Amino acid sequence: MSALDKQIFFTKLKKILILKLGEAKGLEVWRDASAEYDKILRENPELRKHKGAMAIPAVALYRAFRAHGLKAEETLKRYGTYMGRRIGKAAHKLTSLPNVDHRLWANIEKIVDSASSEKNGYKRRLVSEPPEMYGVDILSCPYHEICRELGCEKAVLCICGMDKEYMKHFHHFRYERTTAVSEGAECCDYRIRFDPDKE
């Protein structure tokens, strides 16, 4: 089992590649991505502790897809959206449990502050308007930074796609995000509102 196989977020992608490309070609692409992942970590051991390390497999996959003539950006973005829907279903079930949504909302200011903190590698601008809206403009994120440092900026669209999708599934939470640094904007604009009519 390769180090890439141990990256839980990406294990479904291996199955999808085999299904779409056939077993031989799918496994060949995955092996090349695994070798690329090992190479990145071997040449840059300090990246293992980087706040954006979760994006390194996306960079390895991006490089392998490009080497095999596959649509790297489109494939990773689509996979991120797919995983976001899967995570979103679980988030919806959890936030539909009695009082979970209200407890989350009661602590949303702390959650937004903690999740986007500089300690976690973000640069941000808080734009909350309590109690109606809690929001933050992310000016830079560790996932985008690491992909850019490794020369594959668009590999981060996998993480962005997941993030944009799963947040939409929270019960009674209205999530809005219209811009992304990875798509050339000045910031990623997160806005969260409580909406008792949203399923």
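In this text the structure is predicted, and so the values were computed from the model without any measurement. (Residues numbered from 1 in each chain as written. Predicted model: local features only at pLDDT ≥ 70, side-chain atom pairs only at ≥ 80, totals over all residues. Heavy atoms only, no water.)

(A) Fine view of the pairing of strand β2 (residues 133-140). Burial runs high along β2: seven of the eight residues are buried. In this sheet, β2 lies alongside strand β1 (residues 123-126) in antiparallel orientation, the contact comprising four bridges. Looking across to β2, one finds that L126 is bridged to V136. Between β1 and β2, which pair antiparallel and follow one another directly, the connecting turn spans six residues. (Buried < 20%, exposed > 50% of the residue type's maximum accessible area, 1.4 Å probe, protein only. Helix = DSSP H or I, 4+ residues; strand = E, 2+ residues; numbered from the N terminus. Pairing = 2+ DSSP bridges.)

(B) Seen up close, the pairing of strand β3 (residues 173-176). Across the two faces of β3 the burial differs, with F173 and Y175 buried and R174 and E176 not buried at all. Here β3 pairs with strand β4 (residues 188-194) via four bridges, running antiparallel. Directly across from F173, in β4, lies its bridge partner F194.

(C) Just the pattern of salt bridges, in detail. Per the stated rule, a full pass over the model turns up 14 salt bridges. Of the charged contacts, one joins D137 and R191 as a salt bridge, the two residues approaching to 2.9 Å between their closest N and O atoms. In this pair, D137 sits in strand β2 while R191 sits in strand β4, placing the two residues 54 residues apart along the sequence. Here the two residues D137 and R191 agree in accessibility, since each one is buried. A salt bridge links K168 to E165, with the nearest nitrogen and oxygen atoms 3.2 Å apart. (Salt bridge = Lys/Arg side-chain N within 4 Å of Asp/Glu carboxyl O.)

(D) Looking closely at the packing of helix α4 (residues 72-95) against helix α8 (residues 157-166). Packing of α4 against α8 brings their axes to within 7 Å, and their N-to-C directions diverge by 30°. On the basis of their axis angle, the class for α4 and α8 is roughly parallel. Note on packing geometry: the crossing formed by α4 with α8 is right-handed. For the pair formed by α4 and α8, the contact residues are E73, L76, K77, Y79, G80, T81, M83, G84, R85, I87 and G88 on the first element and L157, C158, G161, M162, E165 and Y166 on the second. (Axes fitted to C-alpha atoms, helices over the stretch in contact; angles between N-to-C directions. Parallel < 35°, antiparallel > 145°, perpendicular 65-115°, else oblique. Left-handed = near helix turned anticlockwise from the far one by under 90°. Contact = heavy atoms within 4.5 Å.)

(E) Molecular detail of a positive patch on the surface. On the surface, K15, R86, K89 and K93 cluster together into a positively charged patch. For the positive patch, the element with the most residues is α4, which contributes three residues. For K89, the position within the fold is in helix α4. Exposure remark for K89: the relative accessible area of 60% places this residue in the exposed category. (Patch = residues over 30% accessible without salt bridge, like charges linked within 9 Å, V, L, I, M, F, W, Y side chains within 5 Å. Areas by Shrake-Rupley, 256 points an atom, 1.4 Å probe, with all protein chains shown as cover. Lys, Arg positive; Asp, Glu negative; His and termini not counted. Charge placed at Lys NZ, Arg CZ, Asp CG, Glu CD.)

(F) Spotlight on the environment of K71. Topologically, K71 is positioned in the loop between α3 (56-67) and α4. Of the residues examined, K71 reaches a relative accessible area of 57% and is grouped as exposed. C-alpha separation for the pair K71 and I159, spaced 88 residues apart in sequence, amounts to 17 Å.

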